[in-house]
Amino acid sequence: MYCTRKALDDLIWVGADDRRLVCFEGVYGVPDGVSYNSYLLLDEKTVLFDTVDKAVSQTFYENLTHSLNGRELDYIVITHMEPDHAATLDAVVLRYPNVKIICNAKIKVMLEQYFDFDMEGRIIIVKEGDSFSSGRHNFSFIMAPMVHWPEVMMVYDSTAKILFSADAFGTFGALNGRLFADETDFMHEHLDEARRYYTNIVGKYGVQVQNVLKKAEALDIALVCPLHGFVWRKNFGEYLEKYKLWSSYVPEEKSVMLAYASVYGHTENAANILAAKLVERGVKVRMYDTSVTAASYMVSDAFRCSHLVFAATTYNMGVFVTMENLLRDIAAHNLQGRKLAFIENGSWSPTSGKLMREILAPLKNMEYIGENITIRSAVKEEQLSQLEALADAIAADMN
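On a predicted model such as this, the values are computed, not experimentally measured, just so you know.

K.L.:
Can you help me understand the layout of surface pockets in this one?
P.N.:
Rolled over the atoms, a probe with the dimensions of a water molecule shows which regions are left empty. For the largest pocket, the calculated volume is near 360 Å³. Every residue lining the largest pocket is counted, 17 residues in all, and those nearest its centre are T313, T314, G346, S347 and W348. Mapped by element, the contributors of at least two residues to the lining of the largest pocket are α9 (266-280) and β19 (305-315). Top contributing element to the lining of the largest pocket by residue count: β19, with 3 residues. The calculated volume of the second largest pocket comes to roughly 180 Å³. For the second largest pocket, the lining is made up of 13 residues, of which C3, W13, A16, D17 and G177 are closest to its centre. Along the lines of polarity and charge, the residues of the lining of the second largest pocket split into 5 nonpolar, 4 polar and 4 charged.

Now the structure itself:
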């Protein structure tokens, strides 16, 4: 049985929620599921904007069939070729053999890589600034390379002032019957998952996102339709401001993310002492055990917080594995402009502090607060003054 919602009178959401998915892209835990959004325009010509992941294909086919109500599907616009949005494309072509596919040249290359159906005479190639009309609605195409794949493009409907934004402005989490962001308390209930989505999926490509944001700001936008998460019809500017911060690597708040890796609890003890001293000085602390919390949550807060403190034991003459994984993940996402401090532990040869610094050394505009604090096995009285001094330095730096 179909389950659709109208974004506008002639624009229907025909996507689906997936609440059984454990790891999005096999990496990012999604405890609240994820939505795969597809939109059908019922104009003089019918236009489908992207398809969905195979996991929700049956719901999608039912939604599409019901919404077409016996009409043919005239066009499919592909904005992004990642399989969570394009895996069911071949099945749609099989169901609607006369459908034309509108895409850019890079998408066409990927189509030929993913699929074997006959594309002769079916593909319409568009480039930046090209236009297309479905009847009442008029569209232009905006190339958005590396947001977050090289073929990505957005589509702007100047008639209804709709931006089909591909993976931009998406979020983790199932829709649960709600289509619009204003049907939720988005900034309180969903911003953390939106940030985690952005930082982990798109975060590396800040320059490219900034370029696309400049294009988007020049448009008169009444509706934003992303491929994951909620449709925006109100107060989009507030969310856009978050994208500006995240993509320019500007911290959202003056706070400390304190991540630690501890085997027997001694490094954790040092982290707890520092956290307490920071809080006593009025500093907000977000604290994580890297052996318990998935890296995607800590990457997200590394983008949120102004100051990052990493505490890790030395393990096999290196950095404890969960901390090393986190630091390499942060480095891979191109984070910039943070204040850093390190606490190392080692019973006979503490080297983790030096190695942690080396992992983050290629990142731009990183500043170090103080020298590494070195613990040998367990915190001793003489280390308390060092932890006090670090807390003082961090607190002073925030004023």
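K.L.:
Honestly, helix α7 (residues 206-217) in this entry has me stumped. Any pointers?
P.N.:
A turn of α-helix holds 3.6 residues, and therefore any two residues three or four places apart point the same way. In this model α7 runs 16 Å from its N-terminal to its C-terminal C-alpha over 12 residues, within 8% of the 16 Å that 1.5 Å per residue would give. Every buried residue of α7 is listed here: G206, V209, V212, L213 and A216. The arc that holds the buried residues of α7, viewed along the axis, is 125 degrees, so those residues lie on one side. Of the residues in α7, the exposed ones pointing more than 90 degrees away from the buried face are V207 and K214. Those residues of α7 that are buried lie in contact with β13 (138-143), β14 (153-157), β15 (162-164), α6 (191-202) and α8 (236-248).

K.L.:
So what exactly am I meant to see when it comes to the sheet that holds strand β1 (residues 5-8) here?
P.N.:
Hydrogen bonds along the backbone pair up the strands of a sheet, which may run parallel or antiparallel. The strand order across the open sheet formed by 7 strands is β1-β2-β7-β8-β9-β10-β11, and the pairing between neighbours is mixed. The open sheet terminates on both sides in strands that have one partner only, identified here as β1 and β11 (123-125). Strand-to-strand, the axes of this sheet are offset by a mean angle of 25 degrees, without reference to chain direction. Summarising the sheet, strand β10 (residues 100-103) and β11 pair through 3 bridges and their orientation is parallel. Residue pairing across strands places I102 opposite I124, the latter belonging to β11. Its contacts with the sheet place helix α1 (residues 57-68) against β2 (11-13), β7 (39-42) and β8 (46-49), and it is angled at close to 10 degrees to β7. On top of the sheet, helix α4 (residues 105-114) reaches β10 and β11; it is set at about 125 degrees to β10, its chief contact.

K.L.:
In this structure, what is going on with the pairing of strand β17 (residues 253-261)? I would like to understand it.
P.N.:
Regular strands have side chains that alternate between both faces of the sheet. The element β17 is extensively covered by neighbouring structure, given that 8 of its 9 residues are classed as buried. Sheet topology places β17 next to β19; 7 bridges connect them, and they run parallel. What sits directly across from E253, in β19, is C305. As defined by bridge partners, β17 adjoins strand β18 (residues 285-289) across 5 bridges and the pair is classed as parallel. Paired with A259 across the two strands is Y288, which belongs to β18. Since β17 and β18 lie parallel, the crossover through α9 that links them has a hand, and here it is right-handed.

K.L.:
In this structure, what is going on with the sheet that holds β13? I would like to understand it.
P.N.:
Pairing is mixed in the open sheet, where 5 strands are placed in the order β12-β13-β14-β15-β16. The two strands at the open ends of the sheet, each matched to only one other strand, are β12 (131-133) and β16 (223-225). Strand-to-strand twist in this sheet, taken as the mean axis angle between neighbours without regard to direction, amounts to 20 degrees. Here 3 bridges tie β15 to β16, and the two strands are oriented parallel to one another. Bridge assignment links I162 to a residue of β16, and that residue is L223.

K.L.:
What exactly am I supposed to notice about the side chain of S296 here?
P.N.:
Within the secondary structure layout, S296 lies in helix α10 (residues 295-304). A distance of 2.9 Å separates a polar atom in the side chain of S296 from a polar atom in the side chain of R196.

K.L.:
Help me understand unusual backbone geometry, please; the structure alone is not making it clear to me.
P.N.:
Residues other than glycine predominantly adopt negative phi, and peptide bonds predominantly adopt the trans conformation. Cis geometry marks the peptide bond from V147 to H148; its omega dihedral reads 5 degrees. Assignment of secondary structure puts H148 in the loop between β13 and β14.

K.L.:
I keep staring at the packing of aromatic side chains and nothing clicks. Help me out?
P.N.:
In this structure the tally under the stated criterion is 28 aromatic pairs. Pairing F186 with F230 gives two aromatic rings, centres 6.1 Å apart and planes at 85 degrees, and the pair type is edge-to-face. One end of the pair, F186, is in helix α5 (residues 186-189); the other, F230, is in the loop between β16 and α8, with 44 residues separating them in the sequence. By way of ring pairs, the aromatic residues F169, F186, Y198, F230, W232, F236, Y239, Y243 and W246 are connected into one cluster. Cation over ring: R196 sits above Y297, and NZ or CZ is 4.1 Å from the ring centre. Directly above the aromatic system of Y368 lies the positively charged group of R357, at a separation of 4.2 Å from the ring centroid.

Parameters at a glance
Residues numbered from 1 in each chain as written. Predicted model: local features only at pLDDT ≥ 70, side-chain atom pairs only at ≥ 80, totals over all residues. Heavy atoms only, no water. 1 Å grid on protein atoms, 1.4 Å probe; cavity = no way out; pocket = protein on both sides within 12 Å on 5 of 7 lines; lining within 4 Å. Points joined across faces, edges and corners; volume = space filled by probe spheres on them. Helix = DSSP H or I, 4+ residues; strand = E, 2+ residues; numbered from the N terminus. Nonpolar A, V, L, I, M, F, W, Y, C, P; charged D, E, K, R; others polar. Expected span 1.5 Å × (residues − 1). Buried < 20%, exposed > 50% of the residue type's maximum accessible area, 1.4 Å probe, protein only. Arc of directions from axis to C-beta. Contact = heavy atoms within 4.5 Å. Pairing = 2+ DSSP bridges. Axes fitted to C-alpha atoms, helices over the stretch in contact; angles between N-to-C directions. Right-handed = clockwise from strand over helix to strand, strands pointing away. Polar contact = N/O pair within 3.5 Å; in protein donor to acceptor, adjacent residues only side chain to side chain. Phe/Tyr/Trp six-rings, centres within 6.5 Å; stacked < 30°, edge-to-face > 60°. Lys NZ or Arg CZ within 6 Å of the ring centre and 35° of its normal.

Note that all results are geometric; they support no functional claim without further evidence.
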